[in-house]
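Working through the structure, step by step
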Amino acid sequence: MRVVTGAAAAFLLCATPAFAACDLAAPDARAAGADCARAWMDANLHLNDIVTVGTHNSYKQAVPDKIMSLIRAVAASQAAGIDYSHIALADQLDDGARAIELDVVYDPEGGLYAHPGGAAMVGDTMPDDWTAEMMKPGFKVLHIQDIDFHAVCVTFIDCLRELKAWSKAHPDHVPILVTLNAKDDEIPMPNSVTPLKFDTAAFDALDDEVLSVFSRDELVTPDEVQGDAPTLRDGVLAHGWPTLGATRGKFVFALDEDGDKVKAYIGGRKSLEGRVMFVNTDETAPQAAYLTLNETGDIPRITADVQKNFLVRTPRRRRYGGGPPQRHDAPRQGAGLGRAICLDRLHASRHALRPLPGAHARRRRRRLQPAAPPRALRRHRGGSGDDPLSRRTQGSIARSASAFAVAWPSAVLSKMHQTAARVVRSFCASPASRAAS
């Protein structure tokens, strides 16, 4: 974490009359002055110093009943894992989600996914307006072709427009992470669609679709983070990410893939020059800035990575044992957009994400009553903003696994840091991880 001092602090004080009485060069938010916590955080915290909660497969709607019955008959163990549905993206953002995950398929000519094989098998007819959308050239958003193809926004462009419209209505929001899975796997089903593979040309088109909706000024891009450093990794390690204040109202796109797809997206670049998205890679690569770390055994690695300024996305799973996934376990995912180990994948705070429709909703609500934030964190609530998360209380992010304090240096708010670290360790670690520590 970096504290603004000298001329930079003087500029901020002069440039923000509403916070003229705030001491933005103070060592912590508490010392910045009355009602100055928000101003101090915006000036001193960076994008990788915050934590957000997000949703997994954020676009997904329910599999049609007839197709789900067929899946249960032939693959019961797989059926539970796809038996869930999300509300609209804007409603998820209203509920406090600040990380969205979209699965995209490449359809440059249009129509490749317009006639799902699963619907034909069970005698379902797709609505004309849905088919018309699927006939349009461009990327489509779906989970599994022919089987699990309903989405809250059918085309990638429509998803982007919905996100941007919400952002324009809430311009003060903290940066929103959008992770993309580039899907091109075949499925073992007769007459199923064979997806087009993602190559460099496909990823060029994907970037173009993002830039057809968002300007670069509305995004946090790899070039911005790299600055004048030799590589993106060097920039992250040397100076980290832009400040929270500089990234409010913006989006961060990340390609959540590996191997050949990441290589195709990088192309012949040294880092990610000119690209829209960050990529999921290892910590030693020149393109290293963002990592997806999904395994419970990754906790020590996550801890080390966030200390080095890497952006980490990781799920919070309540179940670590064997057995098939349960409906209430599947959909919610914590997004560690910064310096925290993880968040609960269902509810991170009292006002966070609503329960999914399903048989376990009542039991889930009883189980997930949030614990009160540490006393040291409660003192740092204050201020309000246009962000619904802030309106509900400035401390709602603190409720989300003690967000802002998780990895602050012990010299700054040491008591808060130590308290939060204990909370995060006990809240996030699996039983095996707790035993190991």
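Report follows, based on the coordinates. (Residues numbered from 1 in each chain as written. Predicted model: local features only at pLDDT ≥ 70, side-chain atom pairs only at ≥ 80, totals over all residues. Heavy atoms only, no water.)

The subject of this paragraph is the overall build of the chain. When its secondary structure is counted, the chain shows 20 helices and 9 strands. Relative to its full complement of 437 residues, the chain shows a buried share of 57%. The contacts of the chain with a sequence gap of at least 6 include a subset with a gap of at least 24, amounting to 69%. Carbon and sulfur atoms make up 53% of the accessible area of the chain, which amounts to about 17700 Å² in all. (Helix = DSSP H or I, 4+ residues; strand = E, 2+ residues; numbered from the N terminus. Buried < 20%, exposed > 50% of the residue type's maximum accessible area, 1.4 Å probe, protein only. Contact = heavy atoms within 4.5 Å. Areas by Shrake-Rupley, 256 points an atom, 1.4 Å probe, with all protein chains shown as cover.)

Turning to the nonpolar core, a few remarks are in order. One broad trend across soluble globular proteins is that nonpolar side chains are buried collectively. Ranked by internal contacts, the top residues of the largest apolar core, which has 61 residues, are F156, F214, W241, F253 and F278. With residues near it in sequence (within four places) discarded, F253 still touches L160, V178, L180, V210, F214, L219, V276, M277 and F278. The next biggest cluster of nonpolar side chains, apart from the first, holds 20 residues, and it includes M68, A114, M126 and M134. (Core = buried A, V, L, I, M, F, W, Y, C linked by side-chain atoms within 4.5 Å.)

Right, let's talk about a nonpolar patch on the surface for a bit. Among the surface-exposed residues, L70, V74 and M121 lie close enough to one another that they form a single nonpolar patch of about 300 Å² accessible area. Topologically, L70 is positioned in helix α3 (residues 65-74). (Patch = residues over 30% accessible without salt bridge, like charges linked within 9 Å, V, L, I, M, F, W, Y side chains within 5 Å. Salt bridge = Lys/Arg side-chain N within 4 Å of Asp/Glu carboxyl O.)

With 5 of 5 residues buried, strand β5 (residues 251-255) lies mostly within the body of the structure. Residues F251, F253 and L255 point to one face of β5 and V252 and A254 to the other, with burial holding for every one of them. The pairing of strand β4 (residues 176-182) with β5 spans 5 bridges and is classified as parallel. If you follow L177 over to β5, its bridge partner there is V252. Pairing of β5 with strand β6 (residues 278-279), which is carried by 2 bridges, proceeds in the parallel orientation. Residue L255 lies in a different strand from β6, and its bridge partner there is V279. (Pairing = 2+ DSSP bridges.)

All we've got here are geometric facts, nothing functional implied.
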